[in-house]
Amino acid sequence: LGQKDALARALCELAQLARQKPLEVVVMLPPPPSQALQSADLCALCSSLGFRHVICKEDIALHRELEDFQPDLIVSILWPRRILEHTLALCRDCINFHPSLLPRHRGSMTQFWAIFEGDTEAGTTCHRMVRDFDAGRILHQVAVPVAEDETA
């Protein structure tokens, strides 16, 4: 689930893993904000890697797709909405990659807030998904320095 560049990298990593052990992947994409062309390259990437992909416009569509798929793991990469509790309950584990060093800058526009508040470092957090936004147990964080001339 998620945003273009991070998702493309994750899909390539999953394709490498799938060469070593059986792995079935279904990619849920949010509808693009303006033009379908923005998701066309992700759809093509999914197809080239042998991954089924679905554009989910509504939460109920996301839930139905995942319910049919019966995942062992849900991985979210910058999904634009909260994933509802009954959807999270469809599998044993759900993790999210959040673009800040949680608990700082929960929610959206994290890159902006890091710059606006003068943070000296930013990063990514992998955490378990729970009902509350970006509040699950932190599994791993990677920090990077923020340059003095950085803009969001």
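Residues numbered from 1 in each chain as written. Predicted model: local features only at pLDDT ≥ 70, side-chain atom pairs only at ≥ 80, totals over all residues. Heavy atoms only, no water.

Help me out: how do you make sense of the overall build of the chain in this one?
Per the secondary structure count, the chain includes five helices and six strands. Of the regular secondary structure in the chain, the N- to C-terminal order runs α-β-α-β-α-β-α-β-α-β-β. Since a compact globule built from 152 residues should have a radius of gyration of about 15 Å, the 16 Å found for the chain is in line with a globular shape. Over its C-alpha atoms, taken along the principal directions, the chain stretches across nearly 45 × 35 × 30 Å. Looking at the chain as a whole, 34% of its 152 residues are labelled buried. (Helix = DSSP H or I, 4+ residues; strand = E, 2+ residues; numbered from the N terminus. Rg over C-alpha atoms; globule rule 2.2 N^0.38 Å. Buried < 20%, exposed > 50% of the residue type's maximum accessible area, 1.4 Å probe, protein only.)

So what exactly am I meant to see when it comes to the sheet that holds strand S5 (residues 121-128) here?
By way of backbone hydrogen bonds, the strands of a sheet pair with one another, either parallel or antiparallel. Strand order in the open sheet made by the four strands is S3-S4-S5-S6, with mixed pairing throughout. Bordering the open sheet on either side are strand S3 (73-77) and strand S6 (138-145), each of which pairs with just one other strand. Between one strand axis and the next, the sheet turns by 10 degrees as a mean value, whatever way the strands run. (Pairing = 2+ DSSP bridges. Axes fitted to C-alpha atoms, helices over the stretch in contact; angles between N-to-C directions.)

Please clarify how the confidence of the model for the chain should be interpreted in this entry.
Detailed reading of predicted coordinates is not advised where the pLDDT is low. Per-chain confidence: the chain averages 88 in pLDDT, with 92% of residues scoring 70 or above. When the elements of the chain are averaged for pLDDT, helix H2 (residues 37-49) gives the smallest value, 79, and S6 the largest, 96. (pLDDT = per-residue confidence, 0-100.)

Would you take a moment to explain the environment of Arg-104 for this structure?
Within the secondary structure, Arg-104 sits in the loop between strand S4 (93-98) and helix H5 (110-116). Each residue touching Arg-104, except ones within four places of it in the same chain, is listed here: Glu-117 and Asp-119. A polar contact is formed between the side chain of Arg-104 and the side chain of His-105, at a distance of 3.4 Å. (Contact = heavy atoms within 4.5 Å. Polar contact = N/O pair within 3.5 Å; in protein donor to acceptor, adjacent residues only side chain to side chain.)

Looking at this structure, I do not really get the pairing of S4. What am I missing?
Regular strands place their side chains on alternate faces of the sheet. Here five bridges tie S3 to S4, and the two strands are oriented parallel to one another. Residue pairing across strands places Ile-77 opposite Phe-97, the latter belonging to S4. Bridge count between S4 and S5: four bridges; the pairing is antiparallel. Its bridge partner lying in S5, His-98 is registered against Thr-125.

What should I look at first to understand the pattern of salt bridges in this one?
Side chains that carry opposite charge are capable of pairing whenever their charged atoms lie near each other. Tallied over the entire structure, the rule returns seven salt bridges. For Arg-104, the salt bridge goes to Glu-117, with nearest N and O atoms at 2.9 Å. One end of the pair, Arg-104, is in the loop between S4 and H5; the other, Glu-117, is in the loop between H5 and S5, with 13 residues separating them in the sequence. Residue Asp-132 is joined to Arg-131 by a salt bridge in which the shortest nitrogen-to-oxygen separation is 3.0 Å. One salt-bridge network, held together by shared partners, links Arg-104, Glu-117 and Asp-119. (Salt bridge = Lys/Arg side-chain N within 4 Å of Asp/Glu carboxyl O.)

Would you take a moment to explain the pairing of S5 for this structure?
Sheet analysis places S5 next to S6, joined by seven bridges and oriented antiparallel. Paired with His-127 across the strands is Ile-138, a residue of S6.

Sorry, what's going on with the state of the cysteines here?
In a disulfide, the sulfur atoms of two cysteines are covalently bonded to one another. Enumeration over the complete set of coordinates arrives at zero disulfides. Cys-46 provides the cysteine sulfur closest to Cys-12, a residue in no disulfide bond, and the two sulfurs are 9.8 Å apart. (Disulfide = S-S within 2.5 Å.)

Just to check I follow, could you spell out a nonpolar patch on the surface for this structure?
A surface patch of nonpolar side chains, about 420 Å² in accessible area, is lined by Met-109, Phe-112, Trp-113 and Phe-116. In this structure, Phe-112 sits in helix H5. (Patch = residues over 30% accessible without salt bridge, like charges linked within 9 Å, V, L, I, M, F, W, Y side chains within 5 Å. Areas by Shrake-Rupley, 256 points an atom, 1.4 Å probe, with all protein chains shown as cover.)

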